[in-house]
Amino acid sequence: MVSLLEMPQAVSKSPTRDAAQLPAQQNDTAMIEIDRVKFAYGTNTVLHDVTLNVPPKAVTAFIGPSGCGKTTLLRCINRMNDLVDGAAITQGAIRIQGTDINTPGLDVVELRRRVGMVFQKSNPFPKSIYDNIAYGLRIAGVTKRSLIDEAVEKSLRASALWDEVKDRLNVSGYGLSGGQQQRLCIARALAVEPEIILMDEPCSALDPIATAKVEELIHHLKQHYTIVIVTHNMQQAGRVSDNTAFFYLGRLIEFADTRKIFSNPSQKQTEDYITGRFG
């Protein structure tokens, strides 16, 4: 099995389409390259010729109405769609630091370690807070207790949860509030030291106070990680993201600096969505 880290770095290809407005960047500085991707569930094509570059150590938001393909694209980045029968990229490529993630023989477990995922609904394991964080490390073969202890504390501190749970690490993760559970899931993803964090509507089930804490956490995490977030909340996209991609009917309509998207979009469809004319 080929490890993502061991594969030779492919030569980056320049996008061939300019329909979407891209932030000023070169492919060799992109963390994730999405190159002319088409994706289908069986005979139903849901992504059409999507090209964009996701820069490193920044927050990129995917916005658009329900069913526009943003979550499907997010799940392509760590091959979560492999778990769906008949789902496949039918054209194009997704590359992480130059390596095509759909290369035959690529170690998908290693890919998902490098590319962590935080879901819409918090999903702690039915285990203690400590064991939730330690789970991925143990799966990776880490057995030394002192290393696990260190990683648990480091991850909980990084997710701004340590001070709230340090005296009850043996309590079930289910005993935390909704916002704390979501931050626990973020800590669990951080424990295996990913480079990219994918977030699928991470605040949609949270109250405003918990949402503010997660958004503050995202601001802190982008100093160390590349973050891609799917959100229906345009105010949230405006608050947390550096770049925003607007999707409609499976197509990338516009991708630019978030301030530009919200203040001076280049495409009429983007302006209509931002101003609430549809969606």
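Note that the coordinates shown come from a computational prediction; the quantities given were computed from them, not determined experimentally.

What counts, and at which threshold
- Residues numbered from 1 in each chain as written.
- Predicted model: local features only at pLDDT ≥ 70, side-chain atom pairs only at ≥ 80, totals over all residues.
- Heavy atoms only, no water.
- Axes fitted to C-alpha atoms, helices over the stretch in contact; angles between N-to-C directions.
- Helix = DSSP H or I, 4+ residues; strand = E, 2+ residues; numbered from the N terminus.
- Parallel < 35°, antiparallel > 145°, perpendicular 65-115°, else oblique.
- Left-handed = near helix turned anticlockwise from the far one by under 90°.
- Contact = heavy atoms within 4.5 Å.
- Nonpolar A, V, L, I, M, F, W, Y, C, P; charged D, E, K, R; others polar.
- Core = buried A, V, L, I, M, F, W, Y, C linked by side-chain atoms within 4.5 Å.
- Buried < 20%, exposed > 50% of the residue type's maximum accessible area, 1.4 Å probe, protein only.
- Phe/Tyr/Trp six-rings, centres within 6.5 Å; stacked < 30°, edge-to-face > 60°.
- Lys NZ or Arg CZ within 6 Å of the ring centre and 35° of its normal.
- Pairing = 2+ DSSP bridges.
- Salt bridge = Lys/Arg side-chain N within 4 Å of Asp/Glu carboxyl O.

## Focus: the packing of helix α6 (residues 178–191) against helix α7 (residues 208–221)
Stage number 1. Following both chains from N to C, one finds α6 and α7 inclined at 20 degrees, their axes separated by 9 Å at the closest point. By the criterion of interaxial angle, the relationship of α6 to α7 is roughly parallel. When you trace α6 past α7, the crossing you get is right-handed. On the side of α6, the interface is formed by Gly-179, Arg-183, Ile-186 and Leu-190, while α7 contributes Ala-210, Lys-213, Val-214, Leu-217 and Leu-221.
Stage number 2. Of the residues contributing to the contact of α6 with α7, the split by class is six nonpolar, one polar and two charged.

## Notes on the nonpolar core
Stage number 1. One finds Ile-32, Ile-34, Val-50, Leu-52, Leu-198 and Phe-247 to be the most contacted residues of the largest nonpolar core, which totals 32 residues.
Stage number 2. Top contributing element to this core by residue count: strand β2 (residues 44–54), with five residues.
Stage number 3. Counting 28 residues, the second-largest nonpolar core is a separate cluster that includes Cys-203, Ile-229, Ala-237 and Val-240.

## Concerning unusual backbone geometry
A negative phi angle is the norm for most residues apart from glycine, just as the trans form is the norm for most peptide bonds.
Stage number 1. Of note in this structure, Arg-36 is not a glycine but carries a positive phi near 55 degrees.
Stage number 2. Looking at where Arg-36 falls in the secondary structure, it is placed in strand β1 (residues 32–41).
Stage number 3. Of note, Gln-97 is a non-glycine position whose phi angle comes to about 50 degrees, a positive value.
Stage number 4. Summarising the element assignment, Gln-97 is placed in the loop between β4 (87–96) and β5 (99–100).

## Brief notes about the packing of aromatic side chains
One pair of aromatic rings is described through two measures. These are the centre distance and the angle between the planes.
Stage number 1. One pass over the structure, following the stated rule, counts six aromatic pairs.
Stage number 2. Pairing Tyr-248 with Phe-278 gives two aromatic rings, centres 5.1 Å apart and planes at 65 degrees, and the pair type is edge-to-face. With Tyr-248 in strand β9 (residues 243–248) and Phe-278 in the segment after α10 (268–274), the pair connects residues that are 30 residues apart, well separated along the chain.
Stage number 3. The class for Tyr-248 is partly exposed, based on a relative accessible area of 26%.
Stage number 4. For Phe-278, a relative accessible area of 26% puts it in the partly exposed group.
Stage number 5. With centroids separated by 5.6 Å and ring planes inclined at 55 degrees, the aromatic side chains of Tyr-273 and Phe-278 adopt a geometry described as tilted.
Stage number 6. Above the plane of the ring of Phe-125 lies Arg-188, whose end atom (NZ or CZ) is 4.0 Å from the centre.

## A look at the sheet that holds β2
Stage number 1. In space, the four strands of this open sheet follow the order β2-β1-β4-β5, with antiparallel pairing throughout. Lying at the two open borders of the sheet, with one neighbouring strand each, are β2 and β5.
Stage number 2. Here β4 runs beside β5; their pairing, made up of two bridges, is antiparallel. Bridging from a neighbouring strand, Ile-96 pairs with Thr-99 of β5.

## What to know about the packing of helix α3 (residues 129–139) against α6
Stage number 1. Packing of α3 against α6 brings their axes to within 8 Å, and their N-to-C directions diverge by 30 degrees. Taken as axis vectors, α3 and α6 run roughly parallel relative to one another. In this structure, α3 crosses over α6, and the sense of that crossing is right-handed. Here α3 contributes Ile-129, Asn-132, Ile-133 and Leu-137 to the contact with α6, which in turn contributes Leu-184, Ala-187, Arg-188 and Ala-191.
Stage number 2. The residue makeup of the contact of α3 with α6, split by class, is six nonpolar, one polar and one charged.

## Concerning the sheet that holds strand β3 (residues 59–63)
Stage number 1. Taken together, six strands build an open sheet; the order of strands is β6-β7-β8-β3-β9-β10 and the sheet is mixed. At either margin of the open sheet sits one strand with a lone partner, and together these are β6 (115–118) and β10 (251–257). The sheet shows a mean angle of 15 degrees between the axes of neighbouring strands, taken without regard to direction.
Stage number 2. When β6 meets strand β7 (residues 196–200), the two strands line up parallel, connected through four bridges. Across the sheet, residue Val-115 finds its bridge partner in β7, namely Ile-196.
Stage number 3. Of the strands in this sheet, β3, β7 and β8 (226–230) are in contact with α7, which crosses β8 at around 150 degrees.

## Structural notes on the pattern of salt bridges
Should their charged atoms come close, side chains of opposite charge can pair.
Stage number 1. According to the stated counting rule, one finds 17 salt bridges in the structure shown.
Stage number 2. The partner of Glu-164 in a salt bridge is Arg-183, and the shortest N-O contact between them spans 3.0 Å. Of the two residues, Glu-164 is situated in helix α5 (residues 162–165) and Arg-183 in helix α6; the sequence distance between them amounts to 19 residues.
Stage number 3. Note on Glu-164: relative accessible area 28%, which makes it partly exposed.
Stage number 4. The structure contains a network of salt bridges with shared partners spanning Glu-33, Asp-35, Arg-36 and Arg-95.

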